[in-house]
Amino acid sequence: MTAAPSLPDDLDAPPHWVEGGGIEVLPRIFEDAITLAVLRRPLSSDLLAGALAQMRAKRPLSFSWRGAPGDALRADLLATLHAPGVSGPLVEDIATLAEAMAFLFDTDNVGLRLRVLDAPMCPRFHCDNLPVRLVTTYLGPGSEWLPETAVNRDGLGAPRPDKPPIVTEDGAIRRLEAGDVALLKGSGWIGNETRGQVHRSPAGDHGQPRLLLTIDPG
């Protein structure tokens, strides 16, 4: 007999995520119950022009950086990004998010990756083995995530034939929009070891490219 899926004990528990259009939504990631905080925001036409320039370039963009956010990060971005003449607003937005991440988590350094992806980077639902990560998609489909009530955690980890499906409700899969700034708690957050936010690269978009930024504190 197949074992029943492991579901949360309290299906009526309040949501473990918060969303809003104000910057004050992001510090709520420090609340014990919250594993996902999403800042909904529109992107300016100038910023989108810089993002589009990265998508249209013949050479795929892959930028990695670690250090104290500030003028050095801005300079390295301008030296690396395609079409730097139109990429100033994009550079400023990335630098601002990096500085906000450092301030929010009281750290001198951040690790940052900016990439154009034309295939899912992490197509399987998973949770990150780190304390927290900032994720934002400038263009293309955003990352997908699951409410805890739709997760069978027995299915997480390396796939095996005997593992059950991770998703217990296909209709519960949610997706971030382009421009959204999301903070996702991982299993490395003290006190959140068994509740890392489950997410994946967007599925079903047939290789639609996306410009993805991730930032880790420390």
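Here, the structure is the one placed above.
Notes on the structure follow. (Residues numbered from 1 in each chain as written. Predicted model: local features only at pLDDT ≥ 70, side-chain atom pairs only at ≥ 80, totals over all residues. Heavy atoms only, no water.)

## Here's the deal with the sheet that holds strand 8 (residues 181-185)
Now for step 1: The mixed open sheet is built from 7 strands, whose spatial order is 1-2-8-5-10-4-3. If you trace the sheet from one side to the other, it starts and ends with strand 1 (17-20) and strand 3 (62-67), each paired once. Adjacent strand axes in the sheet meet at a mean angle of 15°, parallel and antiparallel pairs treated alike.
Now for step 2: Seen against the sheet, helix 2 (residues 71-80) touches strand 3 and strand 4 (110-117) and runs at an angle of roughly 165° to strand 3.
Now for step 3: Each of strand 4, strand 5 (132-139), strand 8 and strand 10 (210-217) is contacted by helix 3 (residues 88-104), which is oriented at about 165° to strand 5, the strand it contacts most. (Pairing = 2+ DSSP bridges. Helix = DSSP H or I, 4+ residues; strand = E, 2+ residues; numbered from the N terminus. Axes fitted to C-alpha atoms, helices over the stretch in contact; angles between N-to-C directions. Contact = heavy atoms within 4.5 Å.)

## Some thoughts on the side chain of Ser143
Now for step 1: Examined against the element boundaries, Ser143 turns out to sit in the loop between strand 5 and strand 6 (144-145).
Now for step 2: The exposure class assigned to Ser143 is buried, which follows from its relative accessible area of 11%.
Now for step 3: A distance of 3.2 Å separates polar atoms of two side chains, one belonging to Ser143 and the other to Arg210.
Now for step 4: Apart from the residues lying within four places of it in its own chain, the contact partners of Ser143 are Val135, Thr137, Arg174, Arg175, Leu176, Arg200, Pro202 and Arg210. (Buried < 20%, exposed > 50% of the residue type's maximum accessible area, 1.4 Å probe, protein only. Polar contact = N/O pair within 3.5 Å; in protein donor to acceptor, adjacent residues only side chain to side chain.)

## A short note on helix 3
Each α-helix turn comprises 3.6 residues. Residues three or four places apart therefore point the same way.
Now for step 1: Taking 1.5 Å of rise per residue, 17 residues should cover 24 Å, and helix 3 covers 24 Å from first to last C-alpha, within 8% of that figure.
Now for step 2: All buried positions along helix 3 are accounted for by Leu90, Val91, Asp93, Ile94, Ala95, Leu97, Ala98, Met101 and Ala102.
Now for step 3: Residues of helix 3 that are buried in the fold lie against helix 1 (45-56), helix 2, strand 4, strand 5, strand 8 and strand 10. (Expected span 1.5 Å × (residues − 1).)

## Here's the deal with the pairing of strand 4
Now for step 1: Of all 8 residues making up strand 4, 7 are buried, and the element is well covered by its neighbours.
Now for step 2: The pairing of strand 3 with strand 4 spans 6 bridges and is classified as antiparallel. By the bridge assignment for strand 4, Ser64 is matched with Arg113.

## Thoughts on empty space enclosed by the protein
Now for step 1: Inspection of every chain in the model, using the stated rule, returns 1 cavity of 30 Å³ or more.
Now for step 2: A volume near 40 Å³ is recorded for the largest cavity.
Now for step 3: Along its surface, the largest cavity is lined by His16, Thr35, Leu146, Glu148, Arg153, Arg195, Gly196, Gln197 and Val198. (1 Å grid on protein atoms, 1.4 Å probe; cavity = no way out; pocket = protein on both sides within 12 Å on 5 of 7 lines; lining within 4 Å. Points joined across faces, edges and corners; volume = space filled by probe spheres on them.)

## Brief notes about the packing of aromatic side chains
Now for step 1: The final tally for this structure, using the stated rule, is 4 aromatic pairs.
Now for step 2: Between Trp17 and Trp145 the ring centres are 5.1 Å apart and the planes differ by 65°, which places this aromatic pair in the edge-to-face class. Taken as a pair, Trp17 in strand 1 and Trp145 in strand 6 lie far apart in primary sequence, 128 residues in all. Here the two residues Trp17 and Trp145 agree in accessibility, since each one is buried.
Now for step 3: Note on Phe30 and Trp189: the rings are 5.7 Å apart at their centroids and 55° apart in plane angle, and the pair reads as tilted. One end of the pair, Phe30, is in the loop between strand 1 and strand 2 (36-39); the other, Trp189, is in the loop between strand 8 and strand 9 (199-200), with 159 residues separating them in the sequence.
Now for step 4: Of the residues examined, Phe30 reaches a relative accessible area of 40% and is grouped as partly exposed.
Now for step 5: By the ring-pair criterion, three or more aromatic residues cluster together here, those being Phe30, Phe105 and Trp189.
Now for step 6: The lysine or arginine in question, Lys185, covers the ring of Trp189, its NZ or CZ lying 4.6 Å from the ring centre. (Phe/Tyr/Trp six-rings, centres within 6.5 Å; stacked < 30°, edge-to-face > 60°. Lys NZ or Arg CZ within 6 Å of the ring centre and 35° of its normal.)

## Re the pairing of strand 5
Now for step 1: The element strand 5 is extensively covered by neighbouring structure, given that 7 of its 8 residues are classed as buried.
Now for step 2: In the sheet, strand 5 pairs with strand 8 via 4 bridges, with the strands oriented antiparallel. Opposite Val132, over in strand 8, you have Lys185 as the bridge partner.
Now for step 3: As paired elements, strand 5 and strand 10 share 5 bridges and run antiparallel to each other. What sits directly across from Thr137, in strand 10, is Leu212.

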